[in-house]
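Single-letter residue listing:
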Amino acid sequence: MAEIIGAITTSHVPAIGRAIARDLQQQPYWKPFFDSFPPVRAWLAEKRPDVAVVIYNDHGLNFFLDKMPTFSVGAAASYSGADEGWGLPVGLPFPGDQDLSWHLVESLMQEEFDIATCQEMLVDHALTLPMKLLWPDAEKQGAWPVTIVPVCINTVQFPLPTAARCYRLGQAIGRAISSWNADRRVVVVGTGGLSHQLDGERAGFINKRFDEQFMHSLAADPEWATRFTINQLVEKVGTQGVELLMWLAARGTLSGEVRELHSGYHIPISNTAAGLMLFEPAPASTALSMA
Ligand code: DHB
Ligand code: FE
């Protein structure tokens, strides 16, 4: 059976793509942000996952306001980026993992998550930039080291799924991966957040205190954030800050005790509080002794 080796959560601001394209990682503005990634890259290099399930939100590239599925899963052989208007280069396409895609689709439907299945899917900055941040040499080397399955959660057009529903989706994704009859190591990546608001009177709004509470809760009490309604979350973290739902879903894929191996937080990247976390399942012995 497949094994979930861990979950990584990260922000996905388009300006990061520009910094990568122009090699600005060591500039004072960018250095604190990029400096957070080497420990997570080292963990990936050591653990060598075969597949990444990437939970993210599309911002109008693959889905537009005319058709907006709440939850969707990619089932394509390959996924490409495209010009989103940010002036970023379109990188190397990502190889899909259709076997896991269809297993995920079947399992989620069985668990009464009525998802859209996408046999063609463009992936936007919310998927492409975290991949570049986690595997910065892959495109130079001409191949991504993992196959991917994109899972998309609507956080763009209201009504949005509740935090509790997103957490339960993550739990169902976790069960699906663990029941996948394949000798594969799977890493789950959740992208978005943390607090930010790009538009309106509160443009530029950031809530460090809430972000820190949320990051803290993910390790020991991941259901903490499920107590908030979507409107409360918008109030606390901004209209686009609700992208933290992807972090919640990614964390939900890990059942039992977890170990927090890395946590980084930096304000601002563009208009956003940028965060990075890495969790792995606690070894069985630790989980037993803590029970
Ligand atoms: C920004 C943040 C996002 O999450 C996004 O999707 C686009 C832009 C920003 O802060 O600039
Ligand atoms: Fe976003």
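The rules behind the values
- Residues numbered from 1 in each chain as written.
- Chains lettered and ligands numbered in written order.
- Predicted model: local features only at pLDDT ≥ 70, side-chain atom pairs only at ≥ 80, totals over all residues.
- Helix = DSSP H or I, 4+ residues; strand = E, 2+ residues; numbered from the N terminus.
- Rg over C-alpha atoms; globule rule 2.2 N^0.38 Å.
- Buried ≥ 20, exposed ≤ 12 C-beta atoms within 10 Å, placed from the backbone.
- Contact = placed C-beta atoms within 7 Å.
- Pairing = 2+ DSSP bridges.
- Axes fitted to C-alpha atoms, helices over the stretch in contact; angles between N-to-C directions.
- Near = placed C-beta within 6 Å.
- Nonpolar A, V, L, I, M, F, W, Y, C, P; charged D, E, K, R; others polar.
- Core = buried A, V, L, I, M, F, W, Y, C linked by C-beta atoms within 7 Å.
- Expected span 1.5 Å × (residues − 1).
- Arc of directions from axis to C-beta.
- pLDDT = per-residue confidence, 0-100.
- Parallel < 35°, antiparallel > 145°, perpendicular 65-115°, else oblique.
- Left-handed = near helix turned anticlockwise from the far one by under 90°.

Going by an unreviewed UniProt entry, the protein chain carries the name Protocatechuate 3,4-dioxygenase and comes from Rhodoferax koreensis.

(A) Geometry of the overall build of the protein chain. Of regular secondary structure, the protein chain possesses 11 helices and 10 strands. Against the globule reference of 19 Å for 291 residues, the protein chain gives a C-alpha radius of gyration of 17 Å, in line with a compact fold. For the protein chain, the residues scored as buried account for 46% of the 291 residues in total. Contacts spanning at least 24 positions in sequence make up 83% of the contacts within the protein chain whose residues lie at least 6 apart.

(B) Representation of the sheet that holds strand β10 (residues 272–281) in the model. Read from one edge of the open sheet, 8 strands run β6-β3-β7-β2-β8-β1-β10-β9, paired in mixed fashion. Each end of this open sheet is capped by a strand with a single partner; those strands are β6 (116–118) and β9 (258–269). Averaged over neighbouring strand pairs, the angle between their axes works out to 15° when direction is ignored. As judged from the 3 bridges shared by strand β3 (residues 71–74) and β6, these two strands associate in the parallel manner. Of the residues in β6, the one forming a bridge with Gly74 is Cys118.

(C) Region of interest: helix α5 (residues 125–134). The buried fraction of α5 is high, at 10 of 10 residues. Within the span of α5, buried status applies to His125, Ala126, Leu127, Thr128, Leu129, Pro130, Met131, Lys132, Leu133 and Leu134.

(D) A look at the pairing of β9. Bridge count for β9 against β10 is 9 bridges, and the pairing is antiparallel. By the bridge assignment, Arg259 is partnered in β10 with Glu280. Connecting β9 to the antiparallel partner β10 that follows it, the hairpin turn spans 2 residues, and Ser270 within it adopts a positive phi of roughly 55°.

(E) Focus on the environment of Gly204. Structurally, Gly204 is set in the loop between β8 (185–191) and α8 (208–220). Classification of Gly204 as exposed rests on a count of 12 C-beta atoms within 10 Å. Along the backbone, Gly204 and Ser270 are 66 residues apart, and their C-alpha atoms lie at a distance of 9.0 Å. With sequence-adjacent residues up to four places away left out, Gly204 is seen in contact with Gln197 and Asn271.

(F) Summary view of the site of ligand 1. Around ligand 1 sit His12, Val13, Pro14, Ala15, His59, His196, Leu198, Gln240, Glu243, Ser270, Asn271 and Thr272, and that is every residue in its neighbourhood. Of the residues assigned to the shell around ligand 1, the class counts are 4 nonpolar, 7 polar and 1 charged.

(G) Structural view of the nonpolar core. Of all hydrophobic cores here, the largest spans 84 residues; its most connected members are Val53, Val54, Ile55, Val188, Leu245, Leu248 and Ala249. In this view, Leu248 contacts Ala163, Cys166, Tyr167, Gly170 and Ala225; residues no more than four positions away in its chain are not counted.

(H) Structural context of α8. A rise of 1.5 Å per residue sets the reference length of α8, with its 13 residues, at 18 Å; its end C-alpha atoms lie 19 Å apart and thus fit the reference within 8%. Within the span of α8, buried status applies to Phe210, Asp211, Phe214, Met215 and Leu218. The buried residues of α8 occupy one face: seen down the axis, they fall within an arc of 135°. Residues of α8 that are exposed and angled more than 90 degrees away from the buried face: Lys208, Arg209 and Ala220.

(I) Layout of the confidence of the model for the protein chain. Of the residues in the protein chain, 98% reach a pLDDT of 70 or more, and the chain-wide mean stands at 96. What the predictor reports for the complex is a pTM of 0.97 with an ipTM of 0.98.

(J) Representation of unusual backbone geometry within the structure. Between Gly193 and Leu194 the backbone carries a cis peptide bond, its omega angle lying at -5°. Looking at the secondary structure, you find Leu194 in the loop between β8 and α8. Along the chain, Ile267 connects to Pro268 via a cis peptide bond; the corresponding omega equals -15°. Inspection of the secondary structure puts Pro268 in strand β9. The phi torsion at Glu112 lies on the positive side, around 70°, for a residue other than glycine. Along the chain, Glu112 turns up in the loop between α4 (98–110) and β6.

(K) How the structure looks around the packing of α4 against helix α7 (residues 163–178). Relative to each other, α4 and α7 sit at 125°, their axes nearing to 9 Å. Between α4 and α7, the interaxial angle falls into the category oblique. Where α4 crosses over α7, the handedness of that crossing is right-handed. Counting all contacts with α4, which are made through His103, Leu104, Ser107 and Leu108, the residues of α7 involved are Ala172, Ile173, Arg175 and Ala176. Of the residues belonging to the contact of α4 with α7, the class tally is 5 nonpolar, 2 polar and 1 charged.

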